[in-house]
Amino acid sequence: MAFTIKIYEKNEYIFALLKKRLSSFYPDAYIIDPYIDKGEPDDRFSNYTCVLYDPKDTTEDDISHYTSTPLRLTDDGGIVDCAKLISLIMPNKDVPLSIPTATGSLSAVIPFVYSDVRDRFISDLQNGLKGADYNIRLDFTSKLRALWRGSSGSNMTALLEACQSRKFVPEDILKYCNMDDSGFLTPGSTKNFDDVYDLGISRSTKLMYHAADLAHSKIRSVNVLAVVEGFRTMDLPELLASCDKVSILLPARSVGEDIGARELISLLTRTLGRERIAVYYAEDLHTTDEKTDPAVCGRMAV
């Protein structure tokens, strides 16, 4: 039996991201924007309605006639904690809840460091990706910043072009990958220097969603690591919406205190949820002889 989630959020961008994330946990729910869907026809088909509201836009009294217990979207710091919301949006006992069981993970690294430092960090991350059938690396970067350059038949450009086809399925990602020197399956770099950006953000976003479906498939265990560089800040929440974890790698703590870094961290935390965002500092990374889990040597910022 379907139920309805009403999200009182006037920021259309935030609403769209929330709808995408919640729909993956509640595929049978009608997720509507009451500011647009004023007629609310979906209520006729629902046995249960959950109301989420942003206190900066509306008050609990304004929407109390819909439900006796509306849920706040944001905490006192203005951050949307999606993990908490997902646990609170519980339909009544007559409404089944379908939560997909993930076998692998989709992670992203946003590095603001030299490529050798970035790849040392990724090497440390790779140590925690044991036991999967495949570990895949996708470089959403310029050709100069990609780690590996394969044959002409295997490259990131071909994969980005293919993923838009209606015939493309997540498992097809494997057809474009070869094993690199570090043990990842990867399509390698793009054919031309700036193909990732020239093909447009929609191509990269589409590939990320395919990668998430592959990582969360019940058929095989697959971990996907995406290296994300050079995108507009406002494009990042949509690009990263399907990620299980996003790691931001900064050169030093002093950079982490910079207003630009704080704004990026705040944006991603607000749109993706604090449980998915981690910040690490290159100055904390160990040398090759001292490698350890970056979760130990890095400092969580959120």
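See above for the structure.
Residues numbered from 1 in each chain as written. Predicted model: local features only at pLDDT ≥ 70, side-chain atom pairs only at ≥ 80, totals over all residues. Heavy atoms only, no water.

**Comments concerning the pairing of strand β6 (residues 134-140)**
On a regular strand, one side chain projects to one face of the sheet and the next to the other, so that they alternate. Rule in force here: Three exposure classes are used, based on accessible area relative to the maximum for each residue type with a 1.4 Å probe and protein chains only: buried under 20%, partly exposed in between, and exposed over 50%. Numbering goes from the N terminus for both helices and strands, where a helix is a DSSP run of H or I of at least four residues and a strand is a run of E of at least two. Only strands that DSSP links by at least two bridges are regarded as paired with each other.
In terms of burial, β6 is a largely internal element, six of the seven residues being buried. Relative to strand β9 (residues 222-228), β6 runs parallel, the two being bridged by seven bridges. Bridge pairing links isoleucine 136 to valine 224 in β9.

**Notes on helix α7 (residues 201-215)**
Our working rule: A helix's residues, less one, multiplied by 1.5 Å, set its expected span. Whether two residues are in contact is decided by their heavy atoms, any of which lying within 4.5 Å being enough.
Taking 1.5 Å of rise per residue, 15 residues should cover 21 Å, and α7 covers 21 Å from first to last C-alpha, within 8% of that figure. Those residues of α7 that sit buried are Ser204, Thr205, Leu207, Met208, His210, Ala211, Ala212, Leu214 and Ala215. Against the buried residues of α7 lie β5 (105-111), β6, α5 (156-162), α6 (195-198), β9 and α8 (236-239).

**Looking at the packing of aromatic side chains**
In plain terms, the rule: The pairing test for Phe, Tyr and Trp rings, Trp by its six-membered ring, is centres within 6.5 Å, and the orientation test on the planes gives stacked under 30 degrees, edge-to-face over 60, and tilted for anything in between.
All chains considered together, the criterion is met by four aromatic pairs. Between phenylalanine 3 and tyrosine 26, the aromatic rings sit 5.6 Å apart at their centres with planes inclined by 85°, giving edge-to-face as the arrangement. Taken together, the residues phenylalanine 3 in strand β1 (residues 3-8) and tyrosine 26 in the loop between α1 (12-25) and β2 (29-32) connect sequence positions 23 residues apart. Comparing phenylalanine 3 with tyrosine 26, the two get one shared label, buried. Relative to phenylalanine 231, the ring of tyrosine 197 lies with its centre 5.5 Å away and its plane at 70°, an arrangement referred to as edge-to-face. Taken together, the residues span a long stretch of sequence, with tyrosine 197 in helix α6 and phenylalanine 231 in the loop between β9 and α8 at a distance of 34 residues.

**Digging into the pattern of salt bridges**
Using the following cut-off: Here, a salt bridge means any Lys or Arg side-chain nitrogen found within 4 Å of an Asp or Glu carboxyl oxygen.
The full count for this structure, using the stated rule, is 14 salt bridges. Ionic pairing is found between arginine 270 and glutamate 9, a salt bridge with its closest N-O pair at 3.9 Å. Linking arginine 270 in helix α10 (residues 259-272) with glutamate 9 in the loop between β1 and α1, this pair joins segments that are 261 residues apart in sequence. Residue classification places glutamate 9 among the buried residues on the basis of a relative accessible area of 1%.

**As for the sheet that holds β1**
Selection rule: For helices, the fitted line uses only the C-alpha atoms of the stretch in contact; every axis is such a line through C-alpha atoms, and the angle between N-to-C directions lies from 0 to 180 degrees.
If you walk across this open sheet you meet the four strands as β2-β1-β3-β4, and the pairing is parallel. Pairing within the sheet leaves two strands with one partner each, and these edge strands are β2 and β4 (71-72). α1 rests against β1, β2 and β3 (49-53) of the sheet, and its axis sits at about 175° to β2.

**Focus on the pairing of β1**
Within β1, six of the six residues are buried, leaving the element largely enclosed by the surrounding structure. On β1, burial covers both faces: Phe3, Ile5 and Ile7 on one face and Thr4, Lys6 and Tyr8 on the other are all buried. When β1 meets β2, the two strands line up parallel, connected through four bridges. Looking across to β2, one finds that isoleucine 5 is bridged to isoleucine 31.

**Section: the nonpolar core**
Cut-off, in case you're wondering: The definition of a nonpolar core used throughout is a set of buried Ala, Val, Leu, Ile, Met, Phe, Trp, Tyr and Cys residues joined through side-chain atoms within 4.5 Å.
In this structure, Ile136, Phe140 and Leu240 are the most contacted members of the largest nonpolar core, which totals 43 residues. Apart from residues lying up to four places away in sequence, phenylalanine 140 is in contact with Met156, Leu160, Val196, Tyr197, Ser204, Leu207, Met208, Ala226, Val227, Val228, Glu229 and Phe231. By size, the runner-up hydrophobic cluster in this structure holds 19 residues, among which are Ile5, Ala29, Leu71 and Leu73.

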